[in-house]
Amino acid sequence: MNLKQKLLVASLVLGFSQAAVAADPIKIGVSGPFTGGSAPMGVSMRDGVKLAVAEINAKGGVMGRSLLLIERDDEAKNERGVQIAQELINKEKVAATVGYINTGVALASQRFYQEAKIPVMNNVATGSIVTKQFADQPENYIFRNAANDQIQSHMIVEEAVERRKFKKVAILADSTNYGQLGREDLEKALDKKGIKPVVVEKYNIKDVDMTAQLLKAKQAGAEVVLTYGIGPELAQIANGMEKLGWKVPLIGSWTLAMGNFIDNAGKNGDGTRMPQTFIQDASTPKRKAFIDAYVAAYKPSGGRMPSAVSAAQGYDSIYLLAAAFKQAGGTDGPKVRAALENLTEKVEGAVTTYNKPFSKTNHEAITADLTVFGEVKDGKVVLAK
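Note that the coordinates shown come from a computational prediction; the quantities given were computed from them, not determined experimentally. (Residues numbered from 1 in each chain as written. Predicted model: local features only at pLDDT ≥ 70, side-chain atom pairs only at ≥ 80, totals over all residues. Heavy atoms only, no water.)

### What about the overall build of the protein?
Right, so step 1: Along the backbone of the protein there are twelve helices and 14 strands.
Right, so step 2: Computed over its C-alpha atoms, the radius of gyration of the protein comes to 23 Å, within 12% of the 21 Å expected for a compact globule of 385 residues.
Right, so step 3: Dimensions of the protein, computed from the C-alpha atoms along their principal axes, are close to 95 × 45 × 35 Å.
Right, so step 4: In the protein, buried positions account for 56% of the 385 residues.
Right, so step 5: Partitioning the contacts of the protein with sequence separation of at least 6, the portion at a separation of at least 24 is 68%.
Right, so step 6: Summed over its atoms, the accessible surface of the protein is roughly 16,200 Å², and 53% of this surface lies on carbon and sulfur atoms.
Right, so step 7: Averaging the positions of the 48 positive and the 41 negative side-chain charges in the protein gives two centres separated by 3 Å. (Helix = DSSP H or I, 4+ residues; strand = E, 2+ residues; numbered from the N terminus. Rg over C-alpha atoms; globule rule 2.2 N^0.38 Å. Buried < 20%, exposed > 50% of the residue type's maximum accessible area, 1.4 Å probe, protein only. Contact = heavy atoms within 4.5 Å. Areas by Shrake-Rupley, 256 points an atom, 1.4 Å probe, with all protein chains shown as cover. Lys, Arg positive; Asp, Glu negative; His and termini not counted. Charge placed at Lys NZ, Arg CZ, Asp CG, Glu CD.)

### Details of helix 3 (residues 78–90)
Right, so step 1: When the terminal C-alpha atoms of helix 3 are compared, their 18 Å separation across 13 residues agrees well with the 18 Å that a helix rising 1.5 Å per residue should span.
Right, so step 2: Listed as buried for helix 3 are Gly81, Val82, Ile84, Ala85, Leu88 and Ile89. Mapping the buried residues of helix 3 onto a view down its axis gives an arc of 165 degrees, with all of them on the same face. Exposed and oriented more than 90 degrees from the buried face of helix 3 are Glu79 and Asn90. (Expected span 1.5 Å × (residues − 1). Arc of directions from axis to C-beta.)

### Structural notes on the nonpolar core
Right, so step 1: In terms of nonpolar packing, the biggest core is built from 76 residues, with Ile28, Leu226, Phe278, Phe290, Ile318, Phe325 and Leu340 touching the most fellow members.
Right, so step 2: Among the domains, domain 1 (26–147 + 283–367) and domain 2 (150–276) are the pair contributing at least three residues each to this core.
Right, so step 3: When residues no more than four places from it in sequence are discounted, the contact partners of Leu226 are Ile156, Ala160, Val169, Ala170, Ile171, Leu172, Leu186 and Ile251.
Right, so step 4: Ala170, Val225, Met241 and Val248 belong to the second largest nonpolar core, which has 26 residues in total. (Core = buried A, V, L, I, M, F, W, Y, C linked by side-chain atoms within 4.5 Å. Domains from an automatic or database assignment.)

### Section: the UniProt feature "domain: Leucine-binding protein" (unreviewed entry) in the protein
Right, so step 1: Here the UniProt feature "domain: Leucine-binding protein" (unreviewed entry) sits at residues 25–368.
Right, so step 2: Structurally, residues 25–368 comprises 43% helix and 15% strand, and the distance from its first C-alpha atom to its last is 36 Å. (UniProt positions renumbered as here; feature names shortened; annotations may be inferred.)

### With respect to the packing of aromatic side chains
Right, so step 1: Within this structure, the stated rule accounts for seven aromatic pairs.
Right, so step 2: With centroids separated by 5.2 Å and ring planes inclined at 50 degrees, the aromatic side chains of Tyr178 and Tyr228 adopt a geometry described as tilted. Separated by 50 residues along the polypeptide, Tyr178 in helix 6 (residues 177–192) and Tyr228 in strand 8 (residues 224–228) bring together distant segments of the chain.
Right, so step 3: With relative accessibility at 0%, the residue Tyr228 sits in the buried group.
Right, so step 4: Ring-pair connections join several aromatic residues into one group, and the members of that group are Phe278, Phe290, Tyr294, Tyr298, Tyr315 and Tyr319.
Right, so step 5: Across the ring face of Tyr319, the terminal group of Lys286 is positioned such that the distance to the ring centre comes to 5.3 Å.
Right, so step 6: In this structure, Arg337 packs its charged tip against the face of Tyr141, placed 5.4 Å from the ring centre. (Phe/Tyr/Trp six-rings, centres within 6.5 Å; stacked < 30°, edge-to-face > 60°. Lys NZ or Arg CZ within 6 Å of the ring centre and 35° of its normal.)

### Focus: the side chain of Thr255
Right, so step 1: Checked against the element boundaries, Thr255 lands in the loop between strand 9 (250–252) and helix 9 (259–265).
Right, so step 2: Within the structure, the side chain of Thr255 is placed 2.6 Å from the backbone oxygen of Gly229, a separation counted as a polar contact.
Right, so step 3: In this structure, Thr255 is in contact with Met41, Tyr178, Gly229, Ile230 and Leu234, ignoring residues within four places of it in sequence. (Polar contact = N/O pair within 3.5 Å; in protein donor to acceptor, adjacent residues only side chain to side chain.)

Written out as C-alpha cells, the structure reads:
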C-alpha cells in the first residue's frame, strides 16, 4: 500500500469515527415517581416526554443525533433521587435531565447537576424555591416549565377571597416539602389580603382519615378549605367533608386534577377547583394533536390522562431542551444553559408557544397569564367558569 492509499484509508477511518461520534445519541435522564401515590404524575410526565422524543427522532433527531431517554423511578423518595442523579451524571453521562415531580426530591437531587454543570428541566415540581436554590451562584443550571407555588397560591387566594368573598379560610397541607412550602406561600398570599386562616392543619402521606382536621376547620367556621398535597390523600378530604355532612368549597394546588383524586373522591370531588397550565381539551390544533397522540399511544382508562398537566409539561420540556441543544450546537452544559437563557427560536408546545421563556435571572417558563382554573366535573377536569 503506497502513501497515498494509506492516507486515503486513514481519512476514511477518521471520517467513519467522526460520523460515529456525531451519530451518538443524546442521552436525557428522566427522573420521577413511576410507582406509589405520586405515580399518576410521574407516569404521565414520562409518557409525555416519550411522545416528544418519538416525534423528534422521527424527524431526524437533533443535529442528526437521536434522543435517548434514561428512565429512573425515584419513588418520590429524596434519597432515591440523590442516588439516581449521581448515576445519571457519572455512569450514564446524560446531557440533561427532565422530571422531578416532588419538590423535596428536586431540592435534594439537583445540586449534583449544578455541580456538574448539567441542565435540569423541572417539568412538574412546583416549590417556589426550586429554581432559586442556586440563584446566588454565577451560573444557575436549574430551569422549570411548571407553574410555581407563588403563582398558584396567589391564584388560589384570589379565587377564594376576591372572587368568592370568603373571609374564614382553613388550610390543609400534607407534611411533605411540597405541602409545607405551599402552605407557607398560601399564608403569605392570605396575609397580603389581611386574612389569617382560622385553622392550619397538617396530615401525612397515606393518612386515610381527615376527620380530626376537618372537625377543627368546621368548628372554627371555615367557609372554604384550601389544600396543598401531592397524593391520593386529597380525596380523603373531600370524602371526609361528606362524612361530616359539611359542604364548603375545596380549592387547592394543581394536584387536585389528578386521576386518583377524581376517582377516589367520586361525586364528592365535583366543584373542586385548582390552577392548571393544561386541561385535556382540544382547544388548539397543537393540543388536539398532542391529546390524540397520547390517547392513541397509551390508551388511558376512559380516554382521560392520569395527570394531563404532567403529560403536557413533560412533552414541552423535551422540545425546550432540543431547541437549546440545537442552538448550542451540541450538548456542552454551559453552552446549553446559555442557549436556554436566550432561546432565539419559538418553541411550540402543548401548554403554549414559548417565546424567550427564560433569561439569565429568570428560569421560570410558566407565567401567571398561562395558568387557568380547572374544575372537577363528572369525573374529569374542565375549564372553570
